[in-house]
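Chain by chain, the residues:
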Amino acid sequence: MLDESLLDTPEGLAEADRRGLLRGAAEAGARVRTAARHAVEAGIGDLKPDGRPRAVLIAGPGAAATHTADLLGTLAGAGSPMVRLAPSGVAPAAGALRWELPGWTGSVDLLLIATPDGSEPSLSLLADQAYRRGCTVVAVAPAHTPLAEAVAGAHGLFVPMATSPYDQEEPLAASSPGVFWALLTPLLALLDRIGLLGARPDALEKIADRLDHVAERCGPAIATYSNPAKTLAAELADALPVVWTEGPSAGPAGRRFAAALAELAGRPSLVAELPEALAEHSALLAGPLAASADPEDFFRDRVEEPPALHARVVLLRDRPIGGLTAAPAARDLALSHDTPISELEPEEGGELESLAELIAITDFAAVYLALASRA
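What you see is a predicted model; the values in this text were computed from it and never measured.

### What to know about the sheet that holds strand E8 (residues 310-317)
If you trace the four strands from one edge of the open sheet to the other, you get E7-E6-E8-E9, paired in parallel fashion. With partners counted over all chains shown, the strands left at the sheet margins are strand E7 (270-273) and strand E9 (341-344), one partner each. Strand after strand, the sheet turns through a mean of 20 degrees between neighbouring axes, direction not considered. Alignment of strand E6 (residues 239-246) against E8, held across eight bridges, turns out to be parallel. Directly across from Thr245, in E8, lies its bridge partner Leu316. Packing of helix H10 (residues 228-235) onto the sheet brings it into contact with E6, E8 and E9, and relative to E9 it is tilted by some 160 degrees.

Now the structure itself:
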């Protein structure tokens, strides 16, 4: 059950936030600026790339690396294929995870390593393997870690991760918004330099400004009625989130939101992109999870039994290109089954700013839902 009164109690939220998740969300803009500075100091701006890589391989553990790969692949498009190297192993521990390069990897490819840990032996071995195949290596990780030494030995480029004195060492720290932006920002600068996407220094500064703006709107001191993140968390209190996205910038934000709901708040959710989502989830909205299903179950014990879980659509939209949008059809489908719908649409700005705003609001919402549910 969600304690909605806690949402408007900043002191209570701070006490419940033992992993520093709210602080990570609030400091996301500062992380972007620090990470951009680290990228400059590491020499990314001085690189003279000899054409685009044939493929970009991305390796790293946890949610932050997964979402980084997803976002970079979306932004880069078909410029160079983005291949995430999923780890294998018997446990999600630094010493148990294993990464392998595909057999076709060679000198015309680029390996990116993104990790908030840096002690994974297999990532150090991966950097060495890439060096022996002539593949360029770039890594973002905490400074003074085994991976930093391995990348130096592989004659690669190492960018120290932008860390904070408040970073926690909990297993879920990789889901923190601050960690995500600390890993992503240097790689945005790198891929801009080699021509795979547009993320010049002024664009990174705009991302930081937009994240600061969202933090002002969604901070713990802002009341629920005027706070879009708290409002969304309250709306999802007893709901199964059905996350629909529209537009290239909204896709990664929706997938990250669904993962954060599971990893931070322990909430199941579904995510799909419009217009295909309408066919994929039509039967779901008409079934027992529909809001209109058994609205008055006479035999339910309203004291001992929690309320039934019903779907709620969360529509994340980027501005449609050419005016084409499936949003009206999405609203019609949801409302025809008495399913409530929440909508988020970013303010005017570039693609990176829009993406940053959607990610930031949903990150805050996932954190509020996690804190208020476990109080």
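### Re the packing of aromatic side chains
The description of an aromatic ring pair rests on the distance of the ring centres and on the angle between the ring planes. Enumeration over the complete set of coordinates arrives at two aromatic pairs. Each ring, one from Phe180 and one from Trp181, has its centre 5.1 Å from the other, and the planes form 70 degrees; the classification is edge-to-face. Side by side, Phe180 and Trp181 carry an identical accessibility label, which is buried. Seen from their ring centres, Phe364 and Tyr368 are 6.1 Å apart, and the 25 degrees between their planes marks the pair as stacked. Taken together, the residues Phe364 and Tyr368, both in helix H15 (residues 351-373) and four residues apart, mark about one turn of the helix. Neither Phe364 nor Tyr368 differs from the other in exposure class; each is buried. The ring centre of Phe180 lies 4.3 Å from the NZ or CZ of Arg256, which sits over that ring.

### Structural notes on the pairing of strand E2 (residues 82-85)
The two faces of the sheet receive side chains in turn, since in a regular strand these alternate between them. Note that strand E1 (residues 56-59) and E2 share four bridges and pair parallel. Across the sheet, Leu57 pairs through a bridge with Val83, a residue of E2. With helix H5 (residues 62-76) bridging E1 and the parallel E2, this β-α-β connection has right-handed handedness.

### Here's the deal with the pairing of strand E5 (residues 157-160)
Relative to E5, strand E4 (residues 136-141) runs parallel, the two being bridged by four bridges. By the bridge assignment for E5, Val140 is matched with Val159.

### Focus on helix H6 (residues 121-132)
Here H6 spans 17 Å end to end across twelve residues, near enough to the 16 Å set by a 1.5 Å rise per residue. Along H6, the residues that are buried comprise Ser122, Leu123, Ser124, Leu126, Ala127, Gln129 and Ala130. Those residues of H6 that are buried lie in contact with E1, E2, strand E3 (110-114), E4 and helix H7 (146-153). The positive-phi residue at the C-terminal boundary of H6 is Gly134, with phi of around 80 degrees.

### A short note on the domain arrangement of the protein chain
Here the domain parsing of the protein chain yields domain 1 (21-209) and domain 2 (223-295 + 307-373). Of note, the centres of domain 1 and domain 2, computed from C-alpha atoms alone, are 28 Å apart. With 22 residues of domain 1 at the contact, the number on the domain 2 side is 18 residues. Buried surface at the junction of domain 1 and domain 2, both sides included, amounts to about 1,900 Å², of which 73% is carbon and sulfur. Our count for the contact surface shared by domain 1 and domain 2 stands at one salt bridge. In this structure, Asp70 and Arg255 form a salt bridge, with 2.7 Å as the shortest nitrogen-oxygen distance. Inspection of the domain 1/domain 2 interface yields two residue pairs in polar contact (both at pLDDT 80 or more).

### Comments concerning unusual backbone geometry
For the peptide bond that leads from Leu274 to Pro275, omega is 5 degrees, which places it in the cis range. With respect to the element layout, Pro275 can be found in the loop between E7 and helix H12 (276-280). The residue His144 is not glycine, and still its phi comes out positive at about 60 degrees. Mapped onto the secondary structure, His144 falls in the loop between E4 and H7. Relative accessible area serves as the criterion here: at 82%, His144 is assigned to the exposed category. At His155, a residue that is not glycine, the phi angle is positive and equals roughly 55 degrees. Considering the arrangement of structural elements, one finds His155 in the loop between H7 and E5.

Basis of the calculations
Residues numbered from 1 in each chain as written. Predicted model: local features only at pLDDT ≥ 70, side-chain atom pairs only at ≥ 80, totals over all residues. Heavy atoms only, no water. Pairing = 2+ DSSP bridges. Helix = DSSP H or I, 4+ residues; strand = E, 2+ residues; numbered from the N terminus. Axes fitted to C-alpha atoms, helices over the stretch in contact; angles between N-to-C directions. Contact = heavy atoms within 4.5 Å. Phe/Tyr/Trp six-rings, centres within 6.5 Å; stacked < 30°, edge-to-face > 60°. Buried < 20%, exposed > 50% of the residue type's maximum accessible area, 1.4 Å probe, protein only. Lys NZ or Arg CZ within 6 Å of the ring centre and 35° of its normal. Right-handed = clockwise from strand over helix to strand, strands pointing away. Expected span 1.5 Å × (residues − 1). Domains from an automatic or database assignment. Buried area = accessible area lost by both parts, 1.4 Å probe. Salt bridge = Lys/Arg side-chain N within 4 Å of Asp/Glu carboxyl O. Polar contact = N/O pair within 3.5 Å; in protein donor to acceptor, adjacent residues only side chain to side chain.

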